[in-house]
Amino acid sequence: MRVILHLLKKEFRQIFRNRIMIPIIFVMPIMQMLVLVYAATFEMKNIDFGVMDADKSITTNEFVQKLSASPFFNLKATSNNLDEANENLLNDKVDLILVFPENFEKNLVRDNKAEMQILINAINGTVAGISQAYLGEIIAEYNKQIIAEFYKTNVGVGQNIRIQAQFWYNPELNYKVYMVPGILVVLVTVIGMFLSGLNLVREKEMGTIEQINVTPIRKYQFIVGKLLPFLFIGLFDLAFGLVIAKIIFDIPMVGSMLTLFIMAFVFLLVVLGAGLLVSTFTETQQQLMFVGYFVMIIFILMSGIFTPVESMPIWAQKFNLINPMYYFIAALRMILLKGSTLADLQYYFYSLLVFAIVMIWLAVWKYKKVN
Amino acid sequence: MNNRSIEIVELNKRYGTIQAIKNINLTIQTGELFGLVGPDGAGKTTLIRILTTLLLADSGKASVNKLDVVKNYKQLREQIGYMPGRFSLYMDLSVEENLAFFATIFGTSIQENYDLIKPIYSQIEAFKTRKAGALSGGMKQKLALSCALIHRPKVLFLDEPTTGVDAVSRVEFWEMLKELKNTGITILVSTPYMDEAELCDRVALMQNGEILSIESPDELKNNFPHDLWYIKAENQYKLLQILRTWEKTYSAHGFGQSIHFVSQDSQMKEDEIRQFLESKTCKIQRIMRIGASIEDCFMELMNQPKKA
């Protein structure tokens, strides 16, 4: 115990003496919160659209006006032929084009049906999908309006099933509420895995491990002394990040903070173990960065921080069974937004606990003082 | 004998296809200042790392202070001091912080063992708040030695402590080792410098993982089996070329500004050498008989065919 205290004293001394460390601990959470949360948003605003109206009727005109009135769509260009319209799409002047064929209104009145075309730039698939969904809603709405007007009754509407969607836990579909917990997970992972791993491998790179290895320091003392500081820093940064989230984004924090920090503690054990493990088979800080970065990018992208896991292919969803970040991000969102308790989160808690035990066991087993 | 400090029996270590050390047998007495001398790659560091419990041998036995380096490594680590070839203290901690850290790790304090390190530490104490990374090479070395001694080890291992250190610091360093030896501590030091071998009580000459001889420097030099000639000429290179093509030459090596020459004919006289060289138009400045240095002995041992 006494030896561990001396090790901790030395580690903290070195950490705070490291010029890059203080900015990492304090600036990184602020930057991630302010920049990433605003930038990594799927919210739709300002979709520019073009119109190729071959019909030029009251109906088409009315429809275009209805669309322009929505906060999401701006009319940018009207064209007289399809080539011109396509040109606009190609040049990125517009994100989508509405094409009304000739006799659109006539067909609508005479046959009770008419066809139109929507051309969407799908280079960004997400934007394309969401644009289409929004557009679909507006068209459906307009459809109803036409039916009502033509029959001068509400007959059609009354017979339809009306959907009244209510979005629970995030009623305004505020994207930030979804993003902030994700960013916090990235933050905790970076600190737990990279800082601890770099610190460990630095001893190897600088050769200082040689001098430590001939002392009677026990393996567990050394490892505890190395990992504990980053456990503290990780938890501290999580708290710091949560404060920023509350002050700036007013993120709902429905659940208990104790539950949140218990989950974070177990998750940090997993990533600290991962950092230790990577440090056992790398010799330099550069190698560790490459290996760590590779592992982290995969885990982040698959974990559901930025994209919903439910829409991933089955194999990817299966993969997430071994992705600790998946469990932590899910738990974090449930605690913050839904107020889930530790009992609700049993599955996530025990999964993370198993990861922590396996990871640390593996790392300690691979870590050798003698070769 | 009960005052054996280090005992090594039939020790072998292989890295892949390279046999780093082969069948090493060595006994070092308590209180001895023992030198492992040999060029880079001779196996000195491997041997020291096995003795300091950092490396496991493939076969053979080694014990330090009667503690087996494998079975009793925990106890052993309390009793040995090790100064690796590469500076391995914390560059971002100050002189005093480094020393205090290693003291506390061993459950002691600077004050407790100050008397032992005083002759060394007092030389750098004026810089005790300076970061170790900002010290000069000689000061780093003194700090490393202080840290290796702070827990009053019974055996001290120094791996090439003077490599890359200036000549004055090297002399100082050996003075410190002599002083330490007087406190009764056993010291095993490796060095590629032959002149340093002369300062040891006994030396083991190592080459390609094998020990060629274990003797005191005087014994080693006295046992040199040939007459050794010192020859100096105006054109050193030409002299060496001529000697190397002479059928009577046993060996000829350049030593600084001169050539050390051994003839195959043990009855060789100075005149004969002089006549031969002059017949080859080589202007000789000096020829004389000299006693062998450690380096001559090393060259001789290296050239000898392996003993069966």
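The shown structure was predicted, so the numbers you read here are calculated from the model rather than taken from an experiment. (Residues numbered from 1 in each chain as written. Chains lettered and ligands numbered in written order. Predicted model: local features only at pLDDT ≥ 70, side-chain atom pairs only at ≥ 80, totals over all residues. Heavy atoms only, no water.)

Provide a residue-level description of the domain arrangement of chain B, including the pertinent values.
Split by domain assignment, chain B resolves into domain 1 (4-216) and domain 2 (225-291). One C-alpha centre belongs to domain 1 of chain B, the other to domain 2 of chain B; they are set 40 Å apart. (Domains from an automatic or database assignment.)

Help me get a handle on the pairing of strand 2 (residues 18-29) of chain B, residues and values and all.
Residues and elements named next belong to chain B. The sheet contact formed by strand 1 (residues 4-15) and strand 2 spans eight bridges and is antiparallel. Bridge pairing in strand 2 links Y15 to I18. Between strand 1 and strand 2, which pair antiparallel one after the other, the connecting turn spans two residues, and G16 there sits at a positive phi close to 60 degrees. (Pairing = 2+ DSSP bridges. Helix = DSSP H or I, 4+ residues; strand = E, 2+ residues; numbered from the N terminus.)

So what about the interface of chain B and chain A? Which residues, and what values?
Facing 28 residues of chain B, the contacting portion of chain A comprises 27 residues. The junction of chain B with chain A conceals about 2600 Å² of combined surface from both sides, 58% of it contributed by carbon and sulfur atoms. When the buried area of chain B at its contact with chain A is split by residue, R77(B), Y90(B) and I105(B) rank highest and sum to 23% of it. In this structure, the connection of chain B to chain A is made through four salt bridges. The salt bridge partner of E97(B) is R13(A), with a shortest N-O separation of 3.3 Å. (Contact = heavy atoms within 4.5 Å. Buried area = accessible area lost by both parts, 1.4 Å probe. Salt bridge = Lys/Arg side-chain N within 4 Å of Asp/Glu carboxyl O.)

How would you summarise the environment of Y348(A) if you had to cite specific residues and measurements?
Residue and element names in this part refer to chain A. Assignment of secondary structure puts Y348 in helix 15 (residues 346-366). A relative accessible area of 15% places Y348 in the buried class. Between the C-alpha atom of Y348 and that of V64, which follows or precedes it by 284 residues, the distance is 49 Å. When near neighbours in sequence (up to four residues on either side) are disregarded, Y348 contacts M263, Y327, A330, A331 and M334. (Buried < 20%, exposed > 50% of the residue type's maximum accessible area, 1.4 Å probe, protein only.)

Describe the environment of F267(A), and please don't skip the residues or the numbers.
Residues and elements named next belong to chain A. Turning to its location among the elements, F267 is positioned in helix 11 (residues 257-280). What makes F267 buried here is its relative accessible area of 0%. With 170 residues separating them in the primary sequence, F267 and I97 have C-alpha atoms 47 Å apart. Ignoring any residue separated from it by four or fewer positions in sequence, one finds F267 in contact with V185, V188, T189, P324, M325, F328 and L352.

Outline helix 2 (residues 21-39) of chain A, listing residues and values.
All names here are of chain A. Between the first and last C-alpha of helix 2 there are 25 Å, a value that for 19 residues agrees with the 27 Å anticipated at 1.5 Å per step. In helix 2, a bend of some 40 degrees at V27 exceeds every other bend along the element, and P29, a proline, comes one to four places later. Looking at the buried positions of helix 2, the neighbouring elements they touch are helix 1 (2-17), helix 8 (175-206) and helix 10 (219-249). (Expected span 1.5 Å × (residues − 1). Bend = angle between axes of the 7 residues up to and from the residue.)

I'd love a proper account of the sheet that holds strand 4 (residues 59-64) of chain B, names of residues and values included.
Residue and element names in this part refer to chain B. With respect to topology, four strands assemble into an open sheet ordered 2-1-4-5, the strand pairing being antiparallel. Both edges of this open sheet fall to strand 2 and strand 5 (67-68), since each of them pairs with a single strand only. Pairing of strand 1 with strand 4, which is carried by five bridges, proceeds in the antiparallel orientation. Its bridge partner lying in strand 4, E7 is registered against S63. Along the sheet, helix 1 (residues 44-51) makes contact with strand 1, strand 2 and strand 4, crossing strand 1 at roughly 120 degrees. (Axes fitted to C-alpha atoms, helices over the stretch in contact; angles between N-to-C directions.)

Which residues make up the pattern of salt bridges, and what are the values?
In total, this model carries 27 salt bridges over all chains according to the counting rule given. A salt bridge links E160(B) to K44(B), with the nearest nitrogen and oxygen atoms 3.3 Å apart. Of this pair, E160(B) sits in the loop between strand 7 (155-159) and helix 6 (167-181) while K44(B) is found in helix 1, placing the two residues 116 residues apart along the sequence. By the burial criterion, E160(B) is buried, and K44(B) matches it. Taken together, the salt bridges that share partners define one network made up of K10(A), E11(A), E203(A) and K226(A).

Tell me about the nonpolar core, and please be specific about residues and values.
Ranked by size, the top nonpolar core spans 134 residues in total, and within it L352(A), L145(B), L149(B), L156(B), L158(B) and L180(B) carry the most contacts. The biggest single contributor to this core is helix 8 of chain A, with 16 residues. (Core = buried A, V, L, I, M, F, W, Y, C linked by side-chain atoms within 4.5 Å.)

An account of the packing of helix 11 of chain A against helix 15 of chain A is requested, with residue identities and associated values reported.
Any two packed helices are characterised by how steeply their axes cross, that is the angle between the axes, and by the distance between the axes. Residues and elements named next belong to chain A. Between helix 11 and helix 15, the shortest axis-to-axis distance is 8 Å and the interhelical angle comes to 25 degrees. Judged by the angle between their axes, helix 11 and helix 15 are roughly parallel. Crossing geometry of helix 11 relative to helix 15 is assigned as left-handed. Contacts between helix 11 and helix 15 pair I262, M263, V266, F267, L269, V270, G273, A274, L276, L277 and T280 from the former with Y348, F349, L352, L353, F355, A356, M359, I360, L362, A363, V364 and K366 from the latter. Its residues assigned to classes, the contact of helix 11 with helix 15 shows 20 nonpolar, two polar and one charged. (Parallel < 35°, antiparallel > 145°, perpendicular 65-115°, else oblique. Left-handed = near helix turned anticlockwise from the far one by under 90°. Nonpolar A, V, L, I, M, F, W, Y, C, P; charged D, E, K, R; others polar.)

So what about the sheet that holds strand 4 (residues 117-120) of chain A? Which residues, and what values?
Two pairing modes exist for strands in a sheet, parallel and antiparallel, and in both the strands are linked by backbone hydrogen bonds. Residues and elements named next belong to chain A. One open sheet accounts for four strands, arranged 2-1-3-4; its pairing is mixed. Across the chains shown, the open sheet's two edge strands, defined by having one partner strand only, are strand 2 (73-79) and strand 4. On average, each strand axis in the sheet is tilted by 25 degrees relative to the strand beside it, whichever way the strands run.

I'd like a description of the packing of aromatic side chains, backed by residues and values.
Any aromatic ring pair is given by two values, namely how distant the centres are and how the planes are angled relative to each other. Residues and elements named next belong to chain A. For the structure shown, the criterion picks out 24 aromatic pairs over all chains. Measuring from ring centre to ring centre gives 5.6 Å for F26 and F236, while their planes differ by 75 degrees; the resulting arrangement is edge-to-face. One end of the pair, F26, is in helix 2; the other, F236, is in helix 10, and 210 residues separate them in sequence. For F26, a relative accessible area of 33% puts it in the partly exposed group. Here the aromatic rings of F267 and F328 are separated by 4.4 Å at their centres, their planes lie at 10 degrees, and the arrangement is stacked. (Phe/Tyr/Trp six-rings, centres within 6.5 Å; stacked < 30°, edge-to-face > 60°.)

Could you give an account of the domain arrangement of chain A, with specific residues and numbers?
For chain A, the assigned domains are domain 1 (2-40 + 172-366) and domain 2 (47-159). Between domain 1 of chain A and domain 2 of chain A, the C-alpha centre-to-centre distance is 48 Å.

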